[in-house]
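What follows is the residue order along each chain.
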Amino acid sequence: SPEDTKRVVRSTKDKRFEELTNIIKTIRNAMKIRDVSKCLEEFEQLCKAFLKSKTVVDKEGVPTFYIRLLADLEDYLNELWEDKEGKKKMNKNNAKALSTLRQKIRKYNRDYEAEIVRYKESDESEDDKEDDDDDDVGMSPSAFLKKQRAESGVFLQDEEDEEDSDDDEDWGSDSDDSDSESDDDEGKHTSLASRFLKKTTTDEDRRQIEKKKEDKVKKKQDRKLRRVEEDDEEGMEGEGEGEWKKVEGGAPLVKEKRNMFAKGTEINIPVVLKKLNEILQARGKKGTDRAAQIELLHCLAAIAAENNLGEGILVKIRFNIIASLYDYNPNLAAYMKPEMWGKCLDCINELLDILFDNSNIFIGENIAEDSESLAVSDQPFRVRGCILTLVERMDEEFTKIMQNTDPHSQEYVDNLKDESRVCQIIDRLLKYLELKGSTEEICRVYLRRIMHTYYKFDYKAHNRALAGQKGESKSEQDQAENEGEDSSILMDRLCKFIYAKDRTDRIRTCAILCHIYHHALHNRWYQARDLMLMSHLQDNIQHADPPVQILYNRTMVQLGICAFRQGMIKDAHNALLDIQSSGRAKELLGQGLLMRNMQERNPEQEKIEKRRQVPFHMHINLELLECVYLVSAMLLEIPYMAAHEFDARRRMISKQFHHQLRVGERQPLLGPPESMREHVVAASKAMKMGDWKICHSYIINEKMNGKVWDLFPEAQRVREMLVRKIQEESLRTYLFTYSSVYDSISMEILADMFHLELHTVHSIISKMIINEELMASLDQPTQTVVMHRTEPTSLQNMALQLAEKLGGLVENNERVFDLKQGIYGGYFSRDQKGGYQQKQGYQRDYQRDYQRSYR
Amino acid sequence: MPPQKCAARGGPPPPSAPSYATVSEVVLKIIKHYHEEGQGSEVVQGVLLGLVVEDRLEITNCFPFPQHTEEDADFDEVQYQMEMMRSLRHVNIDHLHVGWYQSTYYGSFVSRALLDSQFSYQHAIEESVVLIYDPIKTAQGSLSLKAYRLTPKLMEICKEKDFTPEGLKKASIAYENMFEEVPIIIKNSHLINVLMWELEEKSAVSDKQELLNLSSSNHLEKSLQLLMDRVDDMTQDIVKYNTYSRNLSKQQQQKHQYLQRRQQENAQRQSRGEPSLPEEDITKMFKPPQAPPRMDTLLIAGQINTYCQNIKEFTSQNLGKLFMAEALQGHSS
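Residues numbered from 1 in each chain as written. Chains lettered and ligands numbered in written order. Predicted model: local features only at pLDDT ≥ 70, side-chain atom pairs only at ≥ 80, totals over all residues. Heavy atoms only, no water.

Quick look at the packing of helix H3 (residues 112–124) of chain B against helix H5 (residues 152–160) of chain B now. Residue and element names in this part refer to chain B. Relative to each other, H3 and H5 sit at 100 degrees, their axes nearing to 11 Å. One element, H3, and the other, H5, form an angle in the roughly perpendicular class. Across the interface between the two elements, Leu-115, Phe-119, Gln-122 and His-123 of H3 pack against Leu-154, Met-155, Cys-158 and Lys-159 of H5. Of the residues assigned to the contact of H3 with H5, the class counts are five nonpolar, two polar and one charged. (Axes fitted to C-alpha atoms, helices over the stretch in contact; angles between N-to-C directions. Helix = DSSP H or I, 4+ residues; strand = E, 2+ residues; numbered from the N terminus. Parallel < 35°, antiparallel > 145°, perpendicular 65-115°, else oblique. Contact = heavy atoms within 4.5 Å. Nonpolar A, V, L, I, M, F, W, Y, C, P; charged D, E, K, R; others polar.)

What follows is the structure in structure tokens.
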């Protein structure tokens, strides 16, 4: 966010300036008590500190408080010098210090004469001072300072430039955004004036180029650099620090006219290339101002464009601009600032523009630096660089930005609007690479495209399909279908290309998963399921890297939800079981970190995990997921429980569902259900009694609609399916639970009870009879079910259970006996063993039985 | 329920285990106590008073323990008992403490609590007994009142508090000989007998008797349920014991290996003329694993036994009834 970046800038500046002001304070104190030696000491420190803060000062201009001190100190020293009486009273140290300091400050102040004069007179008139640094050099701080500056190429040359200051004022009034945009020197200017002014400046530059000398090559670059920084500062300083405003408003810093190239230099490709390399060499070095570097590259691009050096060099420069934009953040975890991000998008767009306009440019990673051909000639341009990598990186940056934005803020929405731009760029790149790229590259860019498509529900296609269903003629529907490419068709095309051409397993895996996800999202259950089964991903997904696993989990969940919508309750349950049973759905889907103690996860891991998170707009609603799972489990588990009420070896279908039921039972006082889980638990209880109406009212009502069901695209259809399922399963449960009470029951009555058609009831009961779940037969003429009553009574069941338990007991008992008799028997004393030996015969028989039962 | 006519029991009983006579008054009091205070699985308890006459223990009176409630948690039971007995003495009623009684729920009374309290009774007053009253059985028509004492063997073990497997083995105690049942003779005063005769004459009990009513399923189910729970407990205990004995034997093996190695080493050293290694405390190195206490297992076994007896009794009755019914039906058709 802009706030953050400002704070960062300020903190470095503040740190430096605080250091300076601290020293200044001590100097002023020393001045008060006439401790000149102390003054000298501190002054030397001050010079050093000032040197250290050079980068800041370059950006900010020399701070007033510094100038003020220089002026005051000089005055003070002169005063002391004049005061002969006082001088005599001084001790030897102080006197010596006084003379040294006076000399020093004189020399030092010469550099800041202009500022000091301005400070003293505080009027607008500016003298321009030539920087005469070539006189007595010595080891004075000022000289040292100058040397440093000369070395680092930041060469101050003060020169009156009316246009420049005009320019500055314009820029100052602009916002940051317009700054960056006008810097680009390219469409989209918010302020025409600034653009115009800038053009004139560069025109001027060119006129002056003739007069400049070779050795001043770097000056223009420096001027640009300073200008931008000052603008930035003006933008940022706007909010606070009145002190700074005063200086800039009252007396704009002296602008110098400098040019990147010396006048008279013929601007041609080698020169520009040399310049480019020069700039790039600073890249990655400590203390390099990255923002400035980007700016320089922009200027270079502008110059190259003006001089019509051909697209080759432009492309090359653009590559480097984008690369350095990415470099701007040294930390992998940090994300791009919005303005940088905007620039980056623009730049890539421009680059693509150039590439599209000029089909004779070849770019590639494998073109060696020295085999590049950038010159305008008949031969096509060859440029080193990979646009695909840049775009991929851009996509990653976008993800990072989304990850780091608060998903509930307006900012997120604003950021999300860029998604369409990202897609656009990827689309353009896709078109470009389809013409020029290798299959590998195409696969990669396709995957990018897929990644931006798979999770979006295609409402257009959905509406078209709906319209088609509503009785429009077939031909019309086809026509409508052809209007735009459905995302499904797109997905199909891209994925199939990848399946055919990809050589890396990872891209194919991702493509398959995305394809399945997309199918599932659009209710194409069978395609999705078949693809999942054919791919055999379930067998080896545990070997994939975590992001792919997250994608897999997302796909499985989406598959499960799709199955649920289609009424395949069992499939839905199976698909969701793995994710839900762990209780870590949030983590498995990459939608948030679970709170865990630090022992399990060190900060390093946490960072890695954070980077894996899926951006908020791609999240799957966890409550929906859980609800779908629980309702599926309810529909499966309740009839099952009813059928196996007395079965000692009853297995749980869904542990989680049972857990919820237990939680519900533990409640001392049962109020009306509030949360989604409570609704499901209450519905389960109703279903257990075979009361489908109450079950229905708990599952489908206002609250649940709002929480869950309305989130589905075809909510009404899903609800109808659900009601139907509830009726059917309730009927089954009812028959299981109460069959022992009936001798026979009329199917018509059942159909009436559960609001089902007679034939449905018939089919359900038939199925139960066939599966031997219900011991009954159908009496066709009277339409009744006749119970056979072969189910054991509860007492019989109990006896069976007891028998089973006793079996276990005997088994365990024998194990104890075995141990006494067995391998370790040798260590027991003989007489102890004697007791058992008598029973050997019996035991042998028994053991045989025992072993048989084990086999 | 016509009180049995009674006679003092002859025979030579062991001195500390007299045969018992109770007076119907006590029986009625216990029943009344349960009906007033006990519900469902709740258990009521009280003190028996009486005296030893020759080889008989005559229980002549009783009074209930007050029901515990949350409010009077600091209620002093001993104080209450003393107070009661003193009051009884004032009105010249037998006031010697001879045991206690307890109601039971489907015959589940063999528990650690019962063992402990009976032990303390028997420890303090040698002749004391515990009367177990089963209200459910009684409600079905047959008065169920049993008197139990701890066997001398069990007393010894309880005194030593040695419940390890070895200890129990040494004492050769099993679930069968933990408790000894003492026969009960109910003896009424002549006045009561007369009253009974009179009541029997007057009572307008219908002649129609449901002889063949099984009415057992509920009882049986409950018993089975309880039996099953105990079996589960038993299984758990056995598994525990199993683990213990496996650990023990594993350790034995280790110990043995260690000793052998040490012996070999010593032999080598001797052959080389070096002094043998000092004997270390092996028990310290191999601390035997904690043996699981066996008393609970024994008690569970005892309880299972009681359940089984109950069920057997019940089912044999029912089987008889079933056969009778079959025969009757065959006859009539």
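Here the narrative resumes.
Moving on, we come to helix H34 (residues 692–699) of chain A. Residue and element names in this part refer to chain A. Taken together, the buried positions of H34 are Trp-692, Cys-695 and Ile-699. Taken down its axis, H34 places every buried residue within 60 degrees of arc, on the same side. Where H34 is buried, its residues meet helix H31 (622–643), helix H33 (676–688), helix H35 (702–707), helix H36 (715–738) and helix H37 (747–753). (Buried < 20%, exposed > 50% of the residue type's maximum accessible area, 1.4 Å probe, protein only. Arc of directions from axis to C-beta.)

All right, on to the pattern of salt bridges then. Counted under the stated rule, the structure contains 37 salt bridges over all chains. For the salt bridge of A:Lys104 with A:Glu44, the shortest nitrogen-to-oxygen distance reads 2.2 Å. Of this pair, A:Lys104 sits in helix H6 (residues 92–110) while A:Glu44 sits in helix H2 (residues 36–52); the two residues are 60 residues apart in sequence, bridging distant segments of the chain. Residue A:Glu44 is classed as partly exposed on the basis of its relative accessible area, which comes to 31%. Here B:Asp233 makes a salt bridge to B:Arg230, at a shortest N to O gap of 3.1 Å. (Salt bridge = Lys/Arg side-chain N within 4 Å of Asp/Glu carboxyl O.)

Once that is clear, we can look at the interface of chain A and chain B. Residue-level contacts link 18 residues of chain A with 21 residues of chain B. Summed over both sides, the interface between chain A and chain B buries roughly 2000 Å², with carbon and sulfur atoms accounting for 72% of that surface. Viewed at the interface, chain B and chain A are joined by one salt bridge. As a salt-bridge pair, A:Lys805 and B:Asp232 come within 3.0 Å of each other at their nearest N and O atoms. Remark: the boundary between chain A and chain B carries one residue pair in polar contact (both at pLDDT 80 or more). Grouping the constituent residues of the side of chain A that touches chain B by class yields 10 nonpolar, five polar and three charged. (Buried area = accessible area lost by both parts, 1.4 Å probe. Polar contact = N/O pair within 3.5 Å; in protein donor to acceptor, adjacent residues only side chain to side chain.)

With that settled, consider the confidence of the model for chain A. It should be kept in mind that the predicted coordinates are not to be read in detail where pLDDT is low. Chain-level statistics for chain A give a pLDDT mean of 73 and a share of 71% at 70 or above. Counted against residues more than four places away or in other chains, residues 472–483 of chain A, with its pLDDT under 50, gives six contacts. (pLDDT = per-residue confidence, 0-100.)

Moving on, we come to the side chain of A:Lys104. Accessibility expressed as a relative area gives 18% for A:Lys104, which makes it buried. Of note is the side chain of A:Lys104, whose polar atom sits 2.2 Å from the side chain of A:Glu44.

All names here are of chain A. This structure, assessed with the given rule, holds 19 aromatic pairs over all chains. Here the aromatic rings of Trp-341 and Phe-398 are separated by 5.8 Å at their centres, their planes lie at 25 degrees, and the arrangement is stacked. With a gap of 57 residues between them, Trp-341 in helix H17 (residues 338–357) and Phe-398 in helix H18 (residues 387–403) connect regions that are remote in the sequence. Residue classification places Trp-341 among the buried positions, given a relative accessible area of 3%. (Phe/Tyr/Trp six-rings, centres within 6.5 Å; stacked < 30°, edge-to-face > 60°.)

Let's shift gears to the pairing of strand E5 (residues 784–787) of chain A. Residue and element names in this part refer to chain A. Here strand E3 (residues 744–746) runs beside E5; their pairing, made up of three bridges, is antiparallel. Along E5, the bridge assignment pairs Ser-744 with Val-786. Relative to E5, strand E4 (residues 776–779) runs antiparallel, the two sharing four bridges. Counted as the bridge partner of Ala-776 is Met-787 from E5. Two successive antiparallel strands, E4 and E5, enclose a turn made up of four residues, where Gln-783 displays a positive phi of approximately 55 degrees. (Pairing = 2+ DSSP bridges.)

Now for the packing of H34(A) against H36(A). All names here are of chain A. Running from N to C, H34 and H36 point in directions that differ by 145 degrees, and their axes come no closer than 9 Å. Considering how the two elements wind past one another, H34 and H36 form a crossing that is right-handed. Here Trp-692, Cys-695, His-696 and Ile-699 of H34 come into contact with H36, specifically with Leu-722, Val-723, Ile-726, Gln-727 and Ser-730. Of the residues contributing to the contact of H34 with H36, the split by class is six nonpolar, three polar and no charged. (Left-handed = near helix turned anticlockwise from the far one by under 90°.)

Residues and elements named next belong to chain B. Overall, the prediction assigns chain B a mean pLDDT of 78, with 83% of residues at 70 or greater. Confidence scores differ between elements of chain B, with strand E1 (residues 19–23) showing the lowest mean pLDDT of 61 and strand E5 (residues 129–133) the highest of 87. Here residues 1–16 scores under 50 on pLDDT; set against residues more than four positions off or in separate chains, the count is 21 contacts. Across the interface, the model reports ipTM at 0.74; the global pTM reads 0.58.

Residue and element names in this part refer to chain B. A surface patch of nonpolar side chains, about 310 Å² in accessible area, is lined by Leu-319, Leu-322 and Phe-323. Relative to the helices and strands, Phe-323 resides in helix H10 (residues 295–332). Judged by its relative accessible area of 56%, Phe-323 falls in the exposed class. (Patch = residues over 30% accessible without salt bridge, like charges linked within 9 Å, V, L, I, M, F, W, Y side chains within 5 Å. Areas by Shrake-Rupley, 256 points an atom, 1.4 Å probe, with all protein chains shown as cover.)

Residue and element names in this part refer to chain A. The three strands are arranged E3-E5-E4 in an open sheet whose pairing can be described as antiparallel. Both outer strands of the open sheet, E3 and E4, are each paired with one neighbouring strand and no more. Strand-to-strand twist of the sheet, defined as the mean angle between neighbouring strand axes without regard to direction, takes the value 20 degrees. Against the sheet, helix H38 (residues 758–770) engages E4 and E5, with an angle of about 145 degrees to E4.

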